[in-house]
Amino acid sequence: MRRGRRNAAPLDSRGAHVGVAIVAIALLLLSWYGKLVALGVVSGVLALWFSAALVRAYADGDHGRHALQRAYNVTFGWGDGF
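Described below are features of the structure shown in this document. Predicted model only: the values in this text are computed from it and were never measured. (Residues numbered from 1 in each chain as written. Predicted model: local features only at pLDDT ≥ 70, side-chain atom pairs only at ≥ 80, totals over all residues. Heavy atoms only, no water.)

### Some details on the environment of valine 55
As for its position among the elements, valine 55 is in helix α3 (residues 36–59). With a relative accessible area of 57%, valine 55 lands in the exposed category. With twelve residues separating them along the chain, valine 55 and alanine 67 place their C-alpha atoms 8.8 Å apart. (Helix = DSSP H or I, 4+ residues; strand = E, 2+ residues; numbered from the N terminus. Buried < 20%, exposed > 50% of the residue type's maximum accessible area, 1.4 Å probe, protein only.)

### Topic: the pattern of salt bridges
Where charged atoms of side chains with opposite charge meet at close range, the side chains can pair. According to the stated counting rule, one finds three salt bridges in the structure shown. In this structure, the salt-bridge partner of aspartate 60 is arginine 70, at a minimum N-O distance of 3.2 Å. Within this pair, whereas aspartate 60 is found in the loop between α3 and α4 (64–76), its partner arginine 70 is found in helix α4, the two being separated by ten residues in sequence. The closest approach of N and O atoms between arginine 70 and aspartate 62, which form a salt bridge, is 3.2 Å. The pair arginine 70 / aspartate 62 is uniform in exposure class, with both members buried. Taken together, the shared-partner salt bridges connect Asp60, Asp62 and Arg70 into one network. (Salt bridge = Lys/Arg side-chain N within 4 Å of Asp/Glu carboxyl O.)

### Digging into the packing of aromatic side chains
Summed over all chains, the structure comprises one aromatic pair. Considering the side-chain rings of tyrosine 72 and phenylalanine 76, the 5.7 Å spacing of their centres and the 55° angle between planes classify their relative orientation as tilted. With tyrosine 72 and phenylalanine 76 both in helix α4 and four residues apart, this pair spans about one turn of that helix. The burial state of tyrosine 72 is the same as that of phenylalanine 76; both residues are buried. (Phe/Tyr/Trp six-rings, centres within 6.5 Å; stacked < 30°, edge-to-face > 60°.)

Don't take any of this as a statement about function, it's just geometry.
Take a look at the structure:
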């Protein structure tokens, strides 16, 4: 029953938008200062984290746009704290 409610619930992505903005600025600064190894590591970790969240959403029975939104919120939703 919980899974159905979670999959049907609307998602609030405001915190995730803040999180992705912070990550974009950090990646821009890393590339600006020539820290390409750090840029690759941070980008790779975020891509892996998003992929794992997307697999979890699909395994939970979520599909399409809602699964992508859930993975986006899981990956960047920590921006709610700012």
